[in-house]
Amino acid sequence: MEKKDWSDLTLIDNIDNPKKRFELHVENKIVFIEYILAKGDSMYLTHTEVPRSLEGNGLGSAIIKKTLKYIREKGYQLVPLCPFVAAYLKKHPEASDGILKKGYSV
């Protein structure tokens, strides 16, 4: 699979999953970020997973970008507990501008 920008993929908010998560459906597989929405406006990103067969194609970054856009649009505050999300934000600090919950850093 060649690297793409993945902007055409739709972010799905799967609230029916026992662990609430955002999903991207790619080649009959699911890339996801699990989250917890607390106190109405704090979104804790807890775990990101890319199927092994899809690793290295930019899908982890794609779902993070889409999730951060969603958080920004909803006016939520980001709490990046997932190490993969934190690593992304260290490389792209501008991505969390204005949405990182006070008292948290990456």
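Higher on the page you've got the structure.
What you are looking at is a predicted structure, and each value in this text was computed from that prediction instead of being measured. (Residues numbered from 1 in each chain as written. Predicted model: local features only at pLDDT ≥ 70, side-chain atom pairs only at ≥ 80, totals over all residues. Heavy atoms only, no water.)

Caption draft 1: Quick look at the nonpolar core. In this structure, M43, L45, L59, L68 and I71 are the most contacted members of the largest nonpolar core, which totals 27 residues. Among the secondary structure elements, those contributing two or more residues to this core are β2 (21-26), β3 (29-38), β4 (42-49), α1 (59-74) and α2 (83-91). Here this core gets 7 residues from one element, more than from any other, and that element is α1. Look past the residues within four positions of I71 in its chain and what remains in contact with it is M43, L45, Y76, L78 and I99. (Core = buried A, V, L, I, M, F, W, Y, C linked by side-chain atoms within 4.5 Å. Buried < 20%, exposed > 50% of the residue type's maximum accessible area, 1.4 Å probe, protein only. Helix = DSSP H or I, 4+ residues; strand = E, 2+ residues; numbered from the N terminus. Contact = heavy atoms within 4.5 Å.)

Caption draft 2: View of the pairing of β2. By the criterion of burial, β2 is predominantly enclosed, with 5 of the 6 residues buried. Sheet analysis places strand β1 (residues 12-14) next to β2, joined by 3 bridges and oriented antiparallel. In the sheet register, I12 faces β2, and the bridge partner there is E23. Where β2 and β3 come together, 6 bridges link them in antiparallel fashion. Note that in β3 the partner of R21 across the bridge is E34. Counting the residues that bridge the hairpin from β2 to β3 gives 2 residues, and of these E27 lies at a positive phi of roughly 50 degrees. (Pairing = 2+ DSSP bridges.)

Caption draft 3: View of the pattern of salt bridges. In this structure the tally under the stated criterion is 2 salt bridges. With a closest N to O distance of 2.7 Å, R21 and E23 form a salt bridge. No difference in accessibility class separates R21 from E23, as the two residues are buried. A salt bridge links K69 to E73; the shortest N-O distance between them is 3.7 Å. Here E73 and K69 lie together in helix α1, a separation of 4 residues that amounts to about one turn. For the pair formed by K69 and E73, the shared burial category is exposed. (Salt bridge = Lys/Arg side-chain N within 4 Å of Asp/Glu carboxyl O.)

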